[in-house]
Amino acid sequence: MPLPRLIPCLDVAAGRVVKGVRFEGLRAVADPVDLAATYSESGADELVFLDVKATLEERDTLVGLVRRVADRVAIPFTVGGGVRTVQDAAELLRAGADKVAVNSAALGRPALVTELAEELGSQAVVVAIDAKGGRVRSRAGTFATTWLAVDWAREAGEHGAGEILVTSIDADGTRAGYDLELTAAVAGAVTVPVIASGGAGSASHVAEALEVVPAVLLASILHEDPARLRSLREELRDLGVQLRDAA
Amino acid sequence: MRVAICDYGAGNVRSVELAFRRLGADIVVREPDLVVLPGVGSARRAMAELRARDLDRKLVERVGQGEPVLGICLGLQLALEWSEEDGGVRGLGLLPGRAVRLCAPRVPRMGWADVDGQAYYFAHSYVAETPAASAWSDGLVAEARLGSFLGVQFHPEKSGTVGERYLAGVLAEASGRCRSLA
């Protein structure tokens, strides 16, 4: 089994990080490339960039960002936001991304997942699921769907998803811990790796989630202090979580 | 050092190119010291693209002449005689053996895993079975070599400083081989 993965998430818009820039000392890393490099040097196992605006005008900016990240950072990264076609995804991979994340577009047309997997390989296709009360939401959580998260995860896996990124809207931003019930249910429904997302507030939350799934997304917990990643890794090691030696 | 990267539409060409540039290598088309066969995605499609560009013949010829070739991920699997992916695909035959579907609780096998005491990044659903294996990860073939061909299942270009050191070693070995042939 590969080692557990810690995956910082960077929300970007117009080529800038849109969270975690409020606090003193962080202005210098408001550039996503600098922040990505900081995370990489602090032992991040992978990175996720989510384009929160994901408009058509954003596309060139996003591809440019991916190119600059690949220039600087030699760890794997996923890019999500506004991927609607195989061409969108292929362009991001050619620019240096390793995986693309799809959410609403896949809900609207599940065959997109199959097309992406056939063209790019399953390992490059992450299906992101936002769930509230166990049910899937689309369009950045604003739109209720009839899917149960476990059913959509299973369907996405059957369509060729290589990973499932499951975010609990209920837990997101609370820092009260990951939604372990939802995470375990999704992990039980699929045979691909699952990434837990939403709710991490402490090392013990992360350790709990890593008992259930092989990877966790880190967002709010790092936004105020990216240097927290380094201390978090130490705390996790103290809790007996085996992490890679990034040096 | 002159490095040529087989560009046949595989997604990770740019990452591989950047990794070698960081090490000071020149990316070239002609007279390379090292040829790299990258690869992600499907074996059948990749082989068809290699054939369409006559790269299959050139790679076999190059290895036959004892000149260094590095295969990464799918690039290792394509070097085998056969892959059971996509209903069965004939490979380049640079290495004896075949690529088989991974048998694990979760596939793709995704993430950092140990090879000789260092963690490298893996992302694969198939794995090589070959007597030419030279390193393992969790009991799976991580590296294989025969003659001047070296294949790795992991992604050194995405394995941070550990991967960078690995590629530096590959470059050093290739340059030594070129000198010994000269």
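So, here's what we can say about the structure. (Residues numbered from 1 in each chain as written. Chains lettered and ligands numbered in written order. Predicted model: local features only at pLDDT ≥ 70, side-chain atom pairs only at ≥ 80, totals over all residues.)

**What about the interface of chain B and chain A?**
How big an interface is tends to be stated in terms of accessible area lost as the parts join. Opposite the 28 residues of chain B that make contact, chain A presents 32 residues. Mapped onto the side of chain B that touches chain A, the elements with two or more residues apiece are helix H1 (13-22), strand E8 (109-115), strand E9 (118-124) and helix H5 (160-181) of chain B. Of the residues that constitute the side of chain B that touches chain A, the class distribution is twelve nonpolar, nine polar and seven charged. (Contact = placed C-beta atoms within 7 Å. Helix = DSSP H or I, 4+ residues; strand = E, 2+ residues; numbered from the N terminus. Nonpolar A, V, L, I, M, F, W, Y, C, P; charged D, E, K, R; others polar.)

**Observations concerning the pairing of strand E3 (residues 47-51) of chain A**
All names here are of chain A. Taking burial as the measure, the five residues of E3 include five buried ones, the bulk of the element. Taken together, the four bridges between strand E1 (residues 5-13) and E3 define a ladder with parallel strand orientation. Bridge pairing links Cys 9 to Val 48 in E3. In the sheet, E3 pairs with strand E4 (residues 77-80) via four bridges, with the strands oriented parallel. Within E4, the position partnered with Leu 50 by the bridge is Gly 80. (Buried ≥ 20, exposed ≤ 12 C-beta atoms within 10 Å, placed from the backbone. Pairing = 2+ DSSP bridges.)

**As for the environment of Ala 13 of chain A**
Residue and element names in this part refer to chain A. Along the chain, Ala 13 turns up in strand E1. Residues Ala 13 and Ala 54, spaced 41 residues apart in sequence, show a C-alpha to C-alpha distance of 7.7 Å. Sequence-distant contacts of Ala 13, that is, excluding residues within four places in its chain, are made with Val 18, Asp 51, Val 52 and Lys 53.

**Considerations on the pairing of strand E4 (residues 69-72) of chain B**
Residue and element names in this part refer to chain B. Because side chains alternate across E4, one face comprises the buried residues Val 69 and Gly 71, and the other comprises Leu 70 and Ile 72, equally buried. Taken together, the three bridges between strand E3 (residues 34-37) and E4 define a ladder with parallel strand orientation. Pairing of Val 35 across the sheet is with Val 69, part of E4. Pairing analysis gives four bridges linking E4 to strand E13 (residues 149-152), with the strands arranged parallel.

**Side note on the environment of Asp 98 of chain A**
Along the chain, Asp 98 of chain A falls in the loop between helix H3 (86-94) and strand E5 (99-102). Taking the C-beta count within 10 Å as the criterion, Asp 98 of chain A has 26 such neighbours and is therefore assigned buried. Apart from the residues within four sequence positions on either side, Asp 98 of chain A is in contact with Pro 76, Phe 77, Thr 78 and Ala 124 of chain A together with Lys 158 of chain B.

**Focus: the sheet that holds strand E7 (residues 98-101) of chain B**
Two modes of strand pairing occur in sheets, parallel and antiparallel, and in both the strands are linked by backbone hydrogen bonds. Residues and elements named next belong to chain B. The four strands are arranged E6-E5-E7-E10 in an open sheet whose pairing can be described as mixed. Of all the strands in the sheet, the pair left with one neighbour each is strand E6 (89-90) and strand E10 (126-129). Where E7 and E10 come together, four bridges link them in antiparallel fashion. Looking at the pairing, Val 100 lines up with Val 127 of E10.

**Re the nonpolar core**
Core analysis: the largest hydrophobic core is formed by 142 residues, its most contacted members being Ile 7, Val 100, Val 127, Ile 129, Ile 164, Val 166 and Val 216 of chain A. Sequence-distant contacts of Val 166 of chain A, that is, excluding residues within four places in its chain, are made with Ile 129, Ala 131, Ala 149, Ala 153, Leu 182, Thr 183, Val 186, Val 194, Ala 196 and Ser 197 of chain A. (Core = buried A, V, L, I, M, F, W, Y, C linked by C-beta atoms within 7 Å.)

**Notes on the sheet that holds strand E12 (residues 140-146) of chain B**
All names here are of chain B. The mixed open sheet is built from seven strands, whose spatial order is E2-E1-E3-E4-E13-E12-E11. A strand with exactly one partner marks an edge of an open sheet, and here the two such strands are strand E2 (26-27) and strand E11 (133-137). As defined by bridge partners, E11 adjoins E12 across four bridges and the pair is classed as antiparallel. Opposite Ala 135, over in E12, you have Glu 143 as the bridge partner. Each of strand E1 (2-5), E2, E3 and E4 is contacted by H1, which is oriented at about 175° to E1, the strand it contacts most. (Axes fitted to C-alpha atoms, helices over the stretch in contact; angles between N-to-C directions.)

**A few points about helix H2 (residues 58-72) of chain A**
Over its 15 residues, H2 of chain A extends 21 Å from the first C-alpha to the last, a length consistent with the 21 Å expected when each residue adds 1.5 Å. Every buried residue belonging to H2 of chain A is among Leu 62, Leu 65, Val 66, Val 69 and Ala 70 of chain A, and all of these are buried. Mapping the buried residues of H2 of chain A onto a view down its axis gives an arc of 135°, with all of them on the same face. In H2 of chain A, the exposed positions that point more than 90 degrees away from the buried face belong to Asp 60 and Gly 64 of chain A. Buried residues along H2 of chain A sit against E1, helix H1 (32-41), E3, E4 and H3 of chain A together with H1 of chain B. (Expected span 1.5 Å × (residues − 1). Arc of directions from axis to C-beta.)

**What to know about the packing of H1 of chain A against H2 of chain A**
Residues and elements named next belong to chain A. Contact pair H1 / H2: the axes reach a minimum separation of 9 Å and the direction vectors enclose 35°. The element H1 and its partner H2 pack so that their crossing is right-handed. Listed contacts from H2 to Pro 32, Val 33, Ala 36 and Ala 37 of H1 are Leu 65, Arg 68, Val 69 and Arg 72. Of the residues in the contact of H1 with H2, the class split is six nonpolar, no polar and two charged. (Left-handed = near helix turned anticlockwise from the far one by under 90°.)

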